[in-house]
Amino acid sequence: MEEGAAEGVTQEEEFEPLILAICCNWCSYTGADLAGTSRLQYPHNIRIIRVMCSGMVHPNLVIDALSKGADGVLMCGCHPGDCHYLEGNLKAEKRADALFLMLEDLGIEPERYRLEWVSASEGQRFAELMKDFTDTIKSLGPSPYKMY
Amino acid sequence: MTDSVGAVMVVGGGIAGMQSSLDLADSGYRVYLVDKSPSIGGAMAQLDKTFPTNDCAMCIMAPKLVETGRHRNIDLITNSTIDKIEGKAGNFKVTVSKKSRFIDESKCTGCGICTQKCPVEVVDEYNKGLKVRKAIFVKYPQAVPLIFSIDKDYCIGCGNCERLCKAGAIVYSQEPETKVLEVGSIILSPGFDEFDLVQKRKEYGYGRFPNVVSSLELERMLSATGPFGGLVLRPSDGEVVKKIAFVQCVGSRDRSIGNPYCSSVCCMFAIKEAVIAQEHNPGLEATIFFMDMRAFGKEFDDYYVRAEKEHGIRFVKNNRISSIAEDPITNNLLVTFIDKGNLVSEVFDMVALAVGMTAPKDAKDLSEKLGVQLNPYDFCSTDILFSPLETSKPGIFVGGAFGAPKDIPDSVSEASGAAAKASSVIASERGKLVTVKEYPPEKEVSGEEPRIGVFICHCGINIGGVVDVPGVVEYAKTLPNVAYAENNLYTCSQDTQKKIREKIEENNLNRVIVASCTPRTHQPLFQNTCAEAGLNPYLFEMANIRDQCSWVHMHEPAKATQKAKDLVRMVVAKAGLLEPLTRVPIEVKPSGLVIGGGLSGITAAQELSKQGFEAFIVERENELGGLMKRVHYEMVGEKKDVQKKLKELIKNVNSDKKIHVFTNSTVKDISGYIGNFKTTIDQNGEEKEIEHGIVIVATGGMEHKPKEYLYGENDNVMTQLEFEGKLAKKKMDADTVVMIQCVGCRNDERPYCSRVCCTEAVKNALKVKEMNPATSVYVLFKDIRTYGFSEVFYEEAAKNGVKFIRYDDETKPKVADKKGLEVKIWEPFLGEEITIKPDVLVLSAATIPHPDNADLAQMLKVPLSKHKFFLEAHMKLRPVEFATEGIFLCGLAHSPKFFEECVSQASAAVSRAATILSKKTLEAEGMVSSIDEDICSGCGTCVVICPFNAIEKDENGIARVTEVLCKGCGTCAASCPEKAASIKQFTDEQLIAQVVAAVKEVN
Ligand code: FES
């Protein structure tokens, strides 16, 4: 496409969070691709990291991300029952509970981590989720661990 | 059979021909792919986007083009036509003549310097005459093979190219060649031609009014590589088009010009063009004038509804426009059409004519030379019901649009189906004429410092139009370990593959990154390129800067560029830590499980058997046949007795030693993986275990039981299949029959089209008329969707007095029982409601997915579509397989379709499966778990948690991974308290590096 409308030049620096979306290869990453093929626009703040399954992500990775300066981490897996490896997503769900406890200890707001299910056909949902999560993080402000 | 030849000739290298070739070449046959044009790719190479997913045509086709171009077992014979054929099925001798390119094919590198200095400009037919090319040219930038040709009609012999060509490839005196090739079977996939707008539809002003364009010209305009970089501009004055009309059925559904059939694709094509044009020209008003909206394919109706509701495309139905006139001063176009009974005119900036498909121009010639018959419209004649892929001559098969106009997924599945048929003729010769793919020895890189090469794709303007690609390249060069970076117009093109190999060599690269589209589709292509350069394929990573960047931040170029840099930085960080991986070979069981014993399942099992593989059919009912048991006669072809044929088929299956039939059976459990599945079958409560290499899902569909129109309350209200049963028993004595279409579908509950019901209704209406011409038959419909050659029967039904009355959601028929059925319907031509008192009311009920689909999907871990049919890996190009390797689908399990389409798909599934079953061993994923024995404490968490039982404790109490069983899910890695387990290619270290790179402050 041609260069889009002039980008909004904001008076005061608006807080632009850095958000990591960790997506499983089989459904969520495909859903993210579908958002692209359908040209659904969502905030630029999202950086996607591809993993094979939401169940392969060690909680430490999330803690690492949030304690090293990411303002939010969104973990996306297949809907329950759809996991390419049977129940990886359910494991991720259990780990999320543990994660919230760890975040509490570190003084990180629990809203900075979210686990969501996105299927390969949910491009629209993926885009909406990205908007929603970005809004949440924007309202929380920068991560307490943000290093500038 | 001893003198059979293990080679197949494929005539025509469009998407169908490529698919046939790849299937055959991957399952052990030599393939000669003959194309009359200097490069393969066919019509799809000219498309911008494809419906209903809006996938970029070139993006999805490029990997196939490249794969076809470089496959060891495929010989591309371009610029060539068939001269003569001798012999018979199993052993043909085909004489092929090749026109001169005036270029030495073995020397041309495709660098293109010649074309830059060629002084002669020629109208470019690839761009539909909207652009010019040179007299020395390639058809399109991603052309395969990337070899230039000199157009001698225009060449002035200046000698510039010869002087400049460093490779010395120019041969002005090159002579045409002929060669004789021996093959066992032949597949015809020459595609289609466009209807001749200039000669045959003069009144629409095409060729006279500059702003009347064909739908394919518009497609070229929409393309990034087209004449206006993707904008839709008026040819008359270059102004941006603001208001466009699409006129449908030009050269189709029109007996006056000899094409009474429907071209099947134009409705969806027009909707897609309208949607994409609007995306490219914001604010564009688009109107589509059509007779019936034929959105009959999988999820097509959803697309149609979205176009109307979300994109505001205006649809003017039931309209063959009256005329197009031009204002000679403004070159605006005045379109006259009927609106609510009145003639009205409206002004448009541009009119796009939906140009129909015709048989290829050389169809007659081909038919004479090969001795295959054509149908009355010069398409290839096929014996439709039971063998839609066979021509009239044994050993010669047909795939794609040459059999009937059709879209890409149908062409692709037919092409695979034809490949199965072609290979079963010569199954005994499998593997005899092929060369095994050999890669150069792998370079040892483990000890070396990472030297990363980064290749960043413009993807035409898909990425380059938003992201500052050269800027990202410069940035990449500053990153640690990056030894080389460059940008490419299309990183996936064949010439870039060559370039990547060269750069690996020149710069001694030991890691490669491509920043382009999605690894889901393109990673294997690039990994293969790495392997060809002697790099372990796992030393490769991708950054997705298109689907997940430029396309989703289209209006924020600066932000998108920043993000692209970040994404590249992230994978560079990961790439530095990549390790070479080896793949473990796994054995393949040469047999297949077919779930479902309807026509699709039966066909799949028979095809497997013909290919030399064992087949197990699991059928839940007590006999084979499925939905087909309820169909009695056919409208087309020889009006065969369907039941008689079905019985024959079942008999053959039951006596086939390679086919094992389990009736009254269900699949209780499936475990294992590609090549090695283990299944428990429950037969009447008794459990049986089988082992097999692949799975084909052919579970079929069902006829919906209507809830409306007094169905179940009045005995004279019945479904179309019930009615057919009565007709077959000659138990039909009615003066008046009313049929209502779209019962239970195209509504809020099931917003899809069941595809077959219009043709079924026409078939049964004709049967009623045949039995008693005095019977009045009314068909109440929303759109009549008798696509392809069925249109001719619709025409016949109308001629025989069947009355077709259109309704829409607001004017649905009202049915009451007033001591006899009474149907009230608004008659749009009379402009009033009429009352019909039918003796029989026939409901064309939806085809619905089987309710068991959900359970099976869960067992197989494969997805369902939103309408609960099975969802294939890719709607356009992988129609019969799932993303999970080794599992395939066909027939009604995929979506509603005709029996002949089921046969094509079932054969296609077998063809795809044969690419696996024909191998003794496959290589397992290298991306598996590994456990560091020095760290492992032997706690056993992973042993318990592994969903695939791939981990055991060894004699020392240390966890060990059985690599062939490991699927690489990483559950162990995420659960190991000592962090001893990790998944290769996704180790903690690598993921953390990626995260750290992401949060590192951007400069
Ligand atoms: S594969 Fe998607 S969550 Fe497991």
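Predicted, not measured: the structure shown is a model, and the values here were computed from it.

Calculation notes
Residues numbered from 1 in each chain as written. Chains lettered and ligands numbered in written order. Predicted model: local features only at pLDDT ≥ 70, side-chain atom pairs only at ≥ 80, totals over all residues. Heavy atoms only, no water. Helix = DSSP H or I, 4+ residues; strand = E, 2+ residues; numbered from the N terminus. Rg over C-alpha atoms; globule rule 2.2 N^0.38 Å. Buried < 20%, exposed > 50% of the residue type's maximum accessible area, 1.4 Å probe, protein only. Contact = heavy atoms within 4.5 Å. Areas by Shrake-Rupley, 256 points an atom, 1.4 Å probe, with all protein chains shown as cover. Lys, Arg positive; Asp, Glu negative; His and termini not counted. Charge placed at Lys NZ, Arg CZ, Asp CG, Glu CD. Expected span 1.5 Å × (residues − 1). Buried area = accessible area lost by both parts, 1.4 Å probe. Salt bridge = Lys/Arg side-chain N within 4 Å of Asp/Glu carboxyl O. Polar contact = N/O pair within 3.5 Å; in protein donor to acceptor, adjacent residues only side chain to side chain. Nonpolar A, V, L, I, M, F, W, Y, C, P; charged D, E, K, R; others polar. Core = buried A, V, L, I, M, F, W, Y, C linked by side-chain atoms within 4.5 Å. Axes fitted to C-alpha atoms, helices over the stretch in contact; angles between N-to-C directions. Parallel < 35°, antiparallel > 145°, perpendicular 65-115°, else oblique. Left-handed = near helix turned anticlockwise from the far one by under 90°. Arc of directions from axis to C-beta. Phe/Tyr/Trp six-rings, centres within 6.5 Å; stacked < 30°, edge-to-face > 60°. Lys NZ or Arg CZ within 6 Å of the ring centre and 35° of its normal. Pairing = 2+ DSSP bridges. Right-handed = clockwise from strand over helix to strand, strands pointing away. pLDDT = per-residue confidence, 0-100.

Remarks on the overall build of chain B
Then step 1. Along the backbone of chain B there are 25 helices and 52 strands.
Then step 2. A compact globule built from 1003 residues would reach a C-alpha radius of gyration of about 30 Å, and chain B, at 30 Å, matches this within 12%.
Then step 3. The principal-axis extent of the C-alpha atoms belonging to chain B is close to 90 × 80 × 65 Å.
Then step 4. Burial analysis of chain B (1003 residues in total) assigns 63% to the buried set.
Then step 5. Long-range contacts, defined as pairs at least 24 residues apart, comprise 71% of the intrachain contacts of chain B with a sequence gap of at least 6.
Then step 6. As displayed, chain B has an accessible area near 37500 Å², and 50% of this comes from carbon and sulfur atoms.
Then step 7. Of note, chain B has its 121 positive side-chain charges centred 2 Å away from the centre of its 134 negative side-chain charges.

Some details on the overall build of chain A
Then step 1. Secondary structure assignment for chain A yields 4 helices and 4 strands.
Then step 2. For chain A, the succession of helices and strands along the chain, N to C, is β-α-β-α-β-α-β-α.
Then step 3. Its C-alpha atoms give chain A a radius of gyration of 16 Å, near enough to 15 Å, the size a compact globule of 148 residues would have.
Then step 4. Reported as C-alpha extents along the three principal axes, the dimensions of chain A are approximately 45 × 40 × 20 Å.

Quick notes on helix α15 (residues 557-575) of chain B
Then step 1. In this model, α15 of chain B (19 residues) spans 26 Å end to end at C-alpha, consistent with the 27 Å of a helix rising 1.5 Å per residue.
Then step 2. Among the 19 residues of α15 of chain B, 14 are classified as buried, and the element is accordingly described as predominantly covered.

Notes on the interface of chain A and chain B
Then step 1. Of the residues lining the interface, 51 residues belong to chain A; the matching set on chain B comes to 59 residues.
Then step 2. For the chain A and chain B pair, buried surface summed over both sides reaches about 5200 Å², with 59% attributable to carbon and sulfur atoms.
Then step 3. There are 3 salt bridges connecting chain A and chain B.
Then step 4. For D33 of chain A, the salt bridge goes to R520 of chain B, with nearest N and O atoms at 2.7 Å.
Then step 5. Linking chain A to chain B there are 13 residue pairs in polar contact (both at pLDDT 80 or more).
Then step 6. For the side of chain A that touches chain B, the secondary-structure elements that each account for two or more residues are α1 (28-37), β2 (46-51), α2 (59-68) and α3 (88-106) of chain A.
Then step 7. Looking at the side of chain A that touches chain B, the element that brings in the most residues is α1 of chain A, giving 7 residues.
Then step 8. Taken together, the residues that form the side of chain A that touches chain B break down as 27 nonpolar, 13 polar and 11 charged.

Topic: the nonpolar core
Then step 1. Y113 of chain A together with V454, I456, I545 and V568 of chain B are the most contacted members of the largest nonpolar core, which has 103 residues in total.
Then step 2. The leading source of residues in this core is α15 of chain B, at 8 residues.
Then step 3. Not counting the four nearest positions on each side in its chain, V454 of chain B is found in contact with A476, V482, Y484, A485, E486, I513, V568 and V572 of chain B.
Then step 4. Counting residues in each nonpolar core, the second largest holds 76 residues, with A143, V212, V247 and F337 of chain B among its members.

Concerning the pattern of salt bridges
All names here are of chain B.
Then step 1. Applying the stated criterion across every chain, the model contains 82 salt bridges over all chains.
Then step 2. For K767, the salt bridge goes to E770, with nearest N and O atoms at 3.7 Å. One end of the pair is K767 and the other is E770, both in helix α19 (residues 757-771) and 3 residues apart, which spans about a single turn.
Then step 3. Through salt bridges with shared partners, a single ionic network connects R253, D292, R294, D301, R746, D783, R785, E791 and R806.

Structural notes on the packing of helix α7 (residues 266-280) of chain B against helix α8 (residues 300-309) of chain B
Residues and elements named next belong to chain B.
Then step 1. Direction vectors running N to C along α7 and α8 enclose 40°, while the axes themselves pass 10 Å from each other. If you check the angle between α7 and α8, you find them oblique. The two elements α7 and α8 meet at a crossing, and its hand is left-handed. On α8, the residues touching M268, I271, K272 and V275 of α7 are F300, Y303, Y304 and A307.
Then step 2. Classifying every residue of the contact of α7 with α8 by side-chain character gives 7 nonpolar, no polar and 1 charged.

A look at helix α12 (residues 494-507) of chain B
Because each turn of an α-helix spans 3.6 residues, side chains separated by three or four positions in sequence point in the same direction.
Residue and element names in this part refer to chain B.
Then step 1. Given a rise of 1.5 Å per residue, 14 residues ought to cover 20 Å, and the 20 Å separating the end C-alpha atoms of α12 matches this to within 8%.
Then step 2. Considered for burial, the residues of α12 that qualify are T496, Q497, I500, K503, I504 and N507. One side of α12 carries all its buried residues, which in axial view fall inside an arc of 125°. In α12, the exposed residues that point more than 90 degrees away from the buried face are E505 and E506.
Then step 3. The first or second residue beyond α12 is N508, which carries a positive phi of 55°.

A look at the packing of aromatic side chains
To describe a pair of aromatic rings, you give the distance between the ring centres and the angle between the ring planes.
All names here are of chain B.
Then step 1. For the coordinates displayed, the defined rule picks out 24 aromatic pairs over all chains.
Then step 2. Site record: aromatic cluster; members linked through ring pairs are F51, F296, F300, Y787 and F898.
Then step 3. Residue placement shows K152 over the ring face of F102; its charged tip is 4.0 Å from the ring centre.
Then step 4. The ring of F51 is capped by K876, whose NZ or CZ atom sits 4.0 Å from the centre of that ring.

Here's the deal with the side chain of R806 of chain B
Residue and element names in this part refer to chain B.
Then step 1. Note on placement: R806 falls in strand β41 (residues 803-806).
Then step 2. In terms of polar contacts, R806 uses its side chain to reach the backbone carbonyl oxygen of M291, at 2.7 Å.
Then step 3. Here the side chain of R806 touches D292 through a polar contact of 3.1 Å, side chain to side chain.
Then step 4. Dropping the residues within four chain positions of it, R806 is found in contact with M291, D292, K317, N318, F781, K782, D783, W826 and P828.

Remarks on the pairing of strand β34 (residues 676-683) of chain B
Residue and element names in this part refer to chain B.
Then step 1. Judged by how many residues are buried, β34 sits mostly within the fold: 6 of 8 residues are covered.
Then step 2. Two strands pair when backbone bridges link them, and strand β33 (residues 665-673) and β34 are joined in this way by 8 bridges, in the antiparallel orientation. Bridge pairing in β34 places I670 opposite T679.
Then step 3. Between β33 and β34, which pair antiparallel in sequence order, lie 2 residues; one of them, G675, sits at a positive phi of approximately 90°.
Then step 4. The pairing of β34 with strand β35 (residues 686-692) spans 7 bridges and is classified as antiparallel. In the sheet register, K678 faces β35, and the bridge partner there is E691.
Then step 5. As consecutive antiparallel partners, β34 and β35 are separated by 2 residues, and within that stretch N684 has a phi angle of approximately 50°, a positive value.

Topic: the sheet that holds β2 of chain A
Residues and elements named next belong to chain A.
Then step 1. Reading across from one edge, β2-β1-β3-β4 is the order of the 4 strands in this open sheet, with parallel pairing throughout. Edge positions in the sheet fall to β2 and β4 (113-117), since each has one partner strand and no second. On average, each strand axis in the sheet is inclined to that of its neighbour by 20°, with strand direction left out of account.
Then step 2. As judged from the 5 bridges shared by strand β1 (residues 19-24) and strand β3 (residues 72-77), these two strands associate in the parallel manner. Among the inter-strand pairings, C23 is bridged to a residue of β3, identified as C76.

Observations regarding the environment of Q46 of chain B
Residue and element names in this part refer to chain B.
Then step 1. Among the structural elements, Q46 can be located in the loop between β2 (30-34) and β3 (49-50).
Then step 2. Separated by 81 residues in the primary sequence, Q46 and N127 have C-alpha atoms spaced 7.7 Å apart.
Then step 3. Residue contacts for Q46: discarding those within four places in its chain leaves E125, Y126, K128, E219 and R220.
Then step 4. A distance of 2.9 Å separates a polar side-chain atom of Q46 from the backbone oxygen of Y126.

Digging into the environment of E279 of chain B
Then step 1. Positionally, E279 of chain B belongs in helix α7.
Then step 2. Sequence spacing of E279 of chain B and V372 of chain B is 93 residues, and the spatial spacing of their C-alpha atoms is 45 Å.

Some details on the pairing of strand β27 (residues 511-516) of chain B
Looking along a regular strand, one sees the side chains alternate between the two faces of the sheet.
Residue and element names in this part refer to chain B.
Then step 1. Counting buried positions along β27 yields 6 of 6 residues, so the element is predominantly enclosed.
Then step 2. Residue alternation in β27 divides its side chains into two sets, R511, I513 and A515 and V512, V514 and S516, and both sets are buried.
Then step 3. Sheet topology note: the β27/strand β28 (residues 540-544) ladder contains 5 bridges and is parallel. For S516, the partnering residue across the bridge sits in β28 and is N544.
Then step 4. In terms of handedness, the path from β27 via helix α13 (residues 519-532) over to β28 forms a crossover that is right-handed.

Focus on the confidence of the model for chain A
Then step 1. Residues with a pLDDT of 70 or more make up 91% of chain A, whose mean pLDDT is 87.
Then step 2. Across chain A, element-level confidence peaks in β2 of chain A with a mean pLDDT of 97 and bottoms out in α1 of chain A with 88.

Description of the sheet that holds strand β20 (residues 333-339) of chain B
Residues and elements named next belong to chain B.
Then step 1. Read across the sheet, 3 strands follow the order β19-β20-β21 without closing on themselves; strand pairing throughout is antiparallel. Edge positions in the sheet fall to β19 (323-326) and β21 (342-348), since each has one partner strand and no second. Strand-to-strand twist in this sheet, taken as the mean axis angle between neighbours without regard to direction, amounts to 30°.
Then step 2. Here β20 runs beside β21; their pairing, made up of 7 bridges, is antiparallel. Residue pairing across strands places L333 opposite F348, the latter belonging to β21.

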